[in-house]
Amino acid sequence: MSIYVPGPRPAFRRVGLPPRRRLGAVVALGFVGLSLWALCPGRARAETGDEIYQKMQAVYAGAKTFQGVLIRKKTLPGPDGKSTTQTTTLELKFKAPDKWVMKNTVAGPGVPGGTVIEVMVSDGKTVIVSAAASKSYQKLPLKPIALSQFVSVLNPKDGVSLLPGTTVDGRPAYVLSPNLPKDLTPEQKAGVKGVKAALTIDKQNYHFIQMTVSGPKGSQEHVLSAQTLDGPLPDSLFVPTPPAGFKEEKPPGGAGSPGGPGGAGGPSHR
């Protein structure tokens, strides 16, 4: 029987980089690892404000049908220091490309009779605009109107900025703010001094939720609710028939269709 007795360890000379170079190599490897992780296909790049806004526009531009209610509350300071609020409710049914029914109700101080109701119906060729207060209607030729014109209340000429997000009804949402146009005159800049605007968009489906504008001269709040995209809407809804007992009024010369530039009876939610 033999017993193994270990002998002395051989002396090995430590070979490697100096401490400072070893540290540099470790840092370099770390940066390489982070770069590879960032390039990984599963790694999503953060969206910019402009990309989010464009995706919202694309949602409504691609919708075949739409139903929703847009409520605008406009608050202005009065001469006595008390604020007054005017509320506009826009109920819209839309079927691409040019069929829609829109009921526009305006209520509050400064509105004749306290409430004004207009109903606009288009079959894709003709629009009939009826006013309940005067029991009258107008028949107008149709000008193409995109759905995004009704649901988007911003026209950011110089893009939008992404603000810290928020939560609306338990759902995460983006918050965007329009950038100040670069070509404003000094007088125009003075006119928008202190004005803040924020657009809220659902983070999961890019639906418009609300927009708020506030400043020294008052505030506005636009809230879009009860919206349904690509649901069934029968063509029978979009028949421009004058209401019974209403008289026809000829539109003023040069007037366009509702919602178009210079159009009579256009949506007042802007």
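Above this note sits the structure.
Note that the structure is a prediction, hence the values are computed from the model and not measured.

### Notes on a nonpolar patch on the surface
Nonpolar side chains collect at one region of the surface, where Leu180, Val192 and Val195 lie side by side and expose about 230 Å² of accessible area between them. Checked against the element boundaries, leucine 180 lands in the loop between β8 (171–178) and α4 (186–191).

### Examining the pattern of salt bridges
Pairs can form between side chains of opposite charge whenever their charged atoms are close. By the definition in use, this model includes five salt bridges. Residues lysine 250 and glutamate 248 are paired through a salt bridge, measuring 3.7 Å at the closest nitrogen-oxygen approach. The class for glutamate 248 is partly exposed, based on a relative accessible area of 39%. Within the structure, one salt-bridge network assembled from shared partners comprises Lys95, Lys99 and Asp235.

### Comments concerning the side chain of histidine 222
Tracing the sequence through the fold places histidine 222 in strand β11 (residues 218–229). With a relative accessible area of 1%, histidine 222 lands in the buried category. Of the polar contacts made by the side chain of histidine 222, one reaches the side chain of glutamine 220; its length is 3.0 Å.

### Considering unusual backbone geometry
In this structure, proline 97 follows alanine 96 across a cis peptide bond, with omega equal to 5 degrees. Mapped onto the elements, proline 97 comes out in the loop between β2 (83–95) and β3 (99–107). One non-glycine residue, lysine 135, lies in the positive phi region at around 50 degrees. Along the chain, the position of lysine 135 falls in the loop between β5 (126–131) and β6 (136–141). Residues other than glycine seldom take positive phi values, yet tyrosine 206 does so here, at roughly 65 degrees. Within the element layout of this structure, tyrosine 206 appears in the loop between β9 (196–202) and β10 (208–215).

### As for the side chain of aspartate 98
With respect to the helices, strands and loops of the structure, aspartate 98 is situated in the loop between β2 and β3. It turns out aspartate 98 is buried and unbridged, and the closest side chain with the opposite charge, lysine 99, is 9.9 Å from it. Aspartate 98 has contacts with Ser122, Asp123, Gly124, Leu142, Pro144 and Ile145, leaving out every residue within four places of it along the chain.

### Some words on the sheet that holds β8
As summarised here, the arrangement of the 12 strands in space is β7-β8-β9-β10-β11-β1-β2-β3-β4-β5-β6-β12, forming an open sheet in which the pairing is mixed. On the outer flanks of this sheet lie β7 (160–168) and β12 (247–248), each paired with one strand and no other. Here β6 runs beside β12; their pairing, made up of two bridges, is parallel. When the bridges of β12 are listed, tyrosine 137 appears paired with glutamate 248.

Each value, and the rule that gives it
Residues numbered from 1 in each chain as written. Predicted model: local features only at pLDDT ≥ 70, side-chain atom pairs only at ≥ 80, totals over all residues. Heavy atoms only, no water. Patch = residues over 30% accessible without salt bridge, like charges linked within 9 Å, V, L, I, M, F, W, Y side chains within 5 Å. Areas by Shrake-Rupley, 256 points an atom, 1.4 Å probe, with all protein chains shown as cover. Salt bridge = Lys/Arg side-chain N within 4 Å of Asp/Glu carboxyl O. Helix = DSSP H or I, 4+ residues; strand = E, 2+ residues; numbered from the N terminus. Buried < 20%, exposed > 50% of the residue type's maximum accessible area, 1.4 Å probe, protein only. Polar contact = N/O pair within 3.5 Å; in protein donor to acceptor, adjacent residues only side chain to side chain. Lys, Arg positive; Asp, Glu negative; His and termini not counted. Contact = heavy atoms within 4.5 Å. Pairing = 2+ DSSP bridges.

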